[in-house]
Amino acid sequence: DCADRGLLPEHLTSLPDGGRLPPGAALHLGSIALAQEPQASTLDGLLRRESGRRLVSLDPNVRASLIADHDSYLARLESWVDLRDVVKASVEDLAWLYPGEDEAAVTERWLAAGPALVVITAGAEGARAATAAVQPMTPAAWRGLCAKIIGYCRNVAAFPTPVNRKITSIRI
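First, a word on what this report is: a plain description of the structure on this page. (Residues numbered from 1 in each chain as written. Predicted model: local features only at pLDDT ≥ 70, side-chain atom pairs only at ≥ 80, totals over all residues. Heavy atoms only, no water.)

## Focus: the pattern of salt bridges
- All told, the structure shown has eight salt bridges when counted by the stated rule.
- One salt bridge in this structure joins E50 and R49, with 2.8 Å as the shortest N-O distance.
- Exposure remark for E50: the relative accessible area of 0% places this residue in the buried category.
- Of the charged contacts in the structure, one is a salt bridge between R53 and E50, with a shortest N-O distance of 3.9 Å. (Salt bridge = Lys/Arg side-chain N within 4 Å of Asp/Glu carboxyl O. Buried < 20%, exposed > 50% of the residue type's maximum accessible area, 1.4 Å probe, protein only.)

## Considering helix α3 (residues 70-81)
- With 12 residues, α3 should cover 16 Å at 1.5 Å per step; its first-to-last C-alpha distance of 16 Å lies within 8% of that length.
- Listed as buried for α3 are Y73, L74, L77, W80 and V81. For α3, the buried positions fall inside an angular range of 120° around the axis, keeping them on one side.
- Tucked into the core, α3 has its buried residues touching α2 (39-50), β2 (56-59), β3 (86-90), α4 (91-97) and α5 (103-113).
- At the N-terminal end of α3, a side-chain oxygen is found 3.1 Å from the backbone nitrogen of D71, two or three residues along, and the residue is D69. (Helix = DSSP H or I, 4+ residues; strand = E, 2+ residues; numbered from the N terminus. Expected span 1.5 Å × (residues − 1). Arc of directions from axis to C-beta. Contact = heavy atoms within 4.5 Å. Polar contact = N/O pair within 3.5 Å; in protein donor to acceptor, adjacent residues only side chain to side chain.)

## Some remarks on α2
- The terminal C-alpha atoms of α2 lie 16 Å apart, and with 12 residues this matches the ideal 16 Å at 1.5 Å per residue to within 8%.
- Those residues of α2 that fall on the buried side of the exposure criterion are Q39, A40, T42, L43, D44, L46, L47 and E50.
- The first or second residue beyond α2 is G52, which carries a positive phi of 85°.

## Quick word on the pairing of β2
- Of the two faces of β2, the one lined by V56 and L58 and the one lined by S57 and D59 are each fully buried.
- In terms of strand pairing, strand β1 (residues 27-30) meets β2 through four bridges, oriented parallel. Each bridged residue has a counterpart across the sheet, and for L29 the counterpart in β2 is L58.
- The handedness of the β1 to β2 crossover, carried by α2, is right-handed. (Pairing = 2+ DSSP bridges. Right-handed = clockwise from strand over helix to strand, strands pointing away.)

## Quick word on the nonpolar core
- L29, L58, Y73, L94, L97, Y98 and W110 are the most contacted members of the largest nonpolar core, which has 29 residues in total.
- Per element, the largest residue contribution to this core is five residues, and it comes from α3.
- Apart from the residues lying within four places of it in its own chain, the contact partners of W110 are V81, V87, A89, L94, Y98, P115, V118 and I120.
- In this structure, V86, V119, A127 and A129 belong to the second largest nonpolar core, which totals five residues. (Core = buried A, V, L, I, M, F, W, Y, C linked by side-chain atoms within 4.5 Å.)

Shown next, in the form of structure tokens:
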């Protein structure tokens, strides 16, 4: 249980199949699980073990009040960005992680590290998505793409239709 800060590697290995995820399963990590020990180190090991074996998504969902050391948290987060397929963050997350840095610069850096898709949410302003190349994408095409990405179609489906119309392009 990720809500349990006491999650240790032996808890995973005591599960059926030694804690191995079933074929075809996706892995999503995020929020306070990334910020508090010992579970953060346990999930670090799980992420490193499962990266390249399945779809891995990451949503830092930063809780600044729970993070004692900004620089250490950022270093770990950036090492995780290198290992996953999808990264989703909010503009609020980016403002805390990279104060004063341009959203586009962070997105480009994350994409260069390896994720296939980076999604930045901006509340009522909608969401922006990027991949390695640029291609205009309609909201309907965007919803179709999200349907293929486990865990993220629910985020887009929750936006009201007028917000979906604000999504004008995606980098593919």
